[in-house]
Amino acid sequence: STDVVTETDKKSEAMITSMIRDKYPSHRIIGEESSTEGFELTDDPTWIIDPIDGTTNFLHGFPYTCVLIAFAVKKEVVVAVNRDPIHDETFYATKGG
């Protein structure tokens, strides 16, 4: 399978990363587009970002794409958010909640 990465993927990830770093400078960030050499999930607070999940759909104008962001502490995801900007919907889950 071919991994399609667009300039929009990269710019979106950079924008999300910048917003997180401004507020939480000591947190680690694993981005789908910027973590090309692999990554290691540690006990450190870590944000996991997929700036455009469904890039192929996005490229073809199909309205089935979203932004995925998760936050992990001690290697466990404690919150995850799925934002669908096309349909103006947001879904989230929290550990234990």
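Note that the structure is a prediction, hence the values are computed from the model and not measured.

A. The arrangement of the pairing of strand S4 (residues 76-84) in detail. With seven bridges connecting them, strand S3 (residues 66-73) and S4 associate as antiparallel partners. Looking at S4, one finds that Leu-68 is bridged to Asn-82. Adjacent in sequence and paired antiparallel, S3 and S4 are bridged by two residues, among which Lys-74 carries a positive phi angle near 55°. Across six bridges, S4 lies against strand S5 (residues 89-94) in antiparallel orientation.

B. Examining the confidence of the model for the protein chain more closely. Averaged over every residue, the pLDDT of the protein chain is 90; the share at 70 or more is 91%. Mean pLDDT per element in the protein chain: helix H2 (residues 55-60) is the minimum at 88, and S5 is the maximum at 98.

C. The arrangement of the sheet that holds S3 in detail. What the five strands build is an open sheet, ordered S1-S2-S3-S4-S5; its pairing is mixed. Two strands in the sheet have a free side with no partner beyond their single neighbour: strand S1 (28-31) and S5. Direction aside, the axes of adjacent strands within the sheet are offset by 15° on average. Contacting S1, strand S2 (46-53) and S3, helix H1 (residues 7-23) runs over the sheet at an angle of about 150° to S2.

D. Fine view of the nonpolar core. One finds Ile-16, Ile-20, Ile-29, Trp-47, Ile-49 and Phe-71 forming the largest nonpolar core, which totals six residues. Elements that contribute at least two residues to this core include exactly H1 and S2. Beyond its immediate sequence surroundings of up to four residues, Trp-47 is in contact with Ile-20, Tyr-24, His-27, Arg-28, Ile-29, Ile-30, Ile-69, Ala-70 and Phe-71.

E. Here's a closer look at the packing of aromatic side chains. Evaluation of the coordinates by the stated rule reveals two aromatic pairs. Ring plane angle 45° and centroid distance 4.6 Å describe the contact between Trp-47 and Phe-71, whose orientation is recorded as tilted. Of this pair, Trp-47 sits in strand S2 while Phe-71 sits in strand S3, placing them 24 residues apart in sequence. As far as the burial class goes, Trp-47 and Phe-71 line up, both buried.

F. Inspection of H1 at higher detail. Over its 17 residues, H1 runs 25 Å from end to end, which matches the ideal 24 Å to within 8%, given 1.5 Å per residue. Buried within H1 we find Asp-9, Ser-12, Glu-13, Ile-16, Thr-17 and Ile-20. For H1, the angular spread of buried residues about the axis comes to 130°, placing them on one side. With respect to the buried face of H1, the exposed residues turned more than 90 degrees away are Lys-11, Met-15, Met-19 and Asp-22. Contact partners of the buried residues in H1: S1, S2, H2 and S3. Sitting at the head of H1, Thr-6 places a side-chain oxygen 3.2 Å from the backbone nitrogen of Thr-8.

Definitions and limits used
- The written sequence of each chain sets the order in which its residues are numbered from 1.
- Since the coordinates come from a predicted model, pLDDT governs what is reported: local features require at least 70, and pairs of side-chain atoms require 80 or more to be given and counted, while whole-chain, interface and lining totals use all residues.
- Hydrogen atoms and water are omitted, and side-chain values are computed over all heavy atoms in the structure.
- Paired strands, as defined in this entry, are two strands with at least two bridges between them according to DSSP.
- Comment: elements are numbered from the N terminus, with helices defined as DSSP H or I runs of at least four residues and strands as E runs of at least two.
- Confidence per residue, as judged by the predictor, is encoded in pLDDT with a range of 0 to 100.
- Between the N-to-C directions of two axes lies an angle of 0 to 180 degrees, each axis being a line fitted to C-alpha atoms and, for a helix, fitted only over the stretch in contact.
- By the convention used here, residues are in contact when the closest approach between their heavy atoms is within 4.5 Å.
- Among the buried residues, those of types Ala, Val, Leu, Ile, Met, Phe, Trp, Tyr and Cys that are joined through side-chain atoms within 4.5 Å form a nonpolar core.
- Burial here depends on accessible area, computed with a 1.4 Å probe over protein chains only, as a share of the maximum for the residue type. Under 20% is buried, over 50% is exposed, and the range in between is partly exposed.
- Within 6.5 Å between ring centres, the rings of Phe, Tyr and Trp (the latter by its six-membered ring) count as paired, and their orientation is classed by plane angle as stacked under 30 degrees, edge-to-face over 60, tilted in between.
- Working rule for helices: expected span equals 1.5 Å times residues minus one.
- Working definition: the arc comes from the directions between the helix axis and the C-beta atoms, pointing outward to the latter.
- We define a polar contact as two N or O atoms separated by no more than 3.5 Å, with the added condition that, inside protein, one atom must be a possible hydrogen donor and the other a possible acceptor, whereas residues neighbouring each other in sequence contribute only through side-chain atom pairs.

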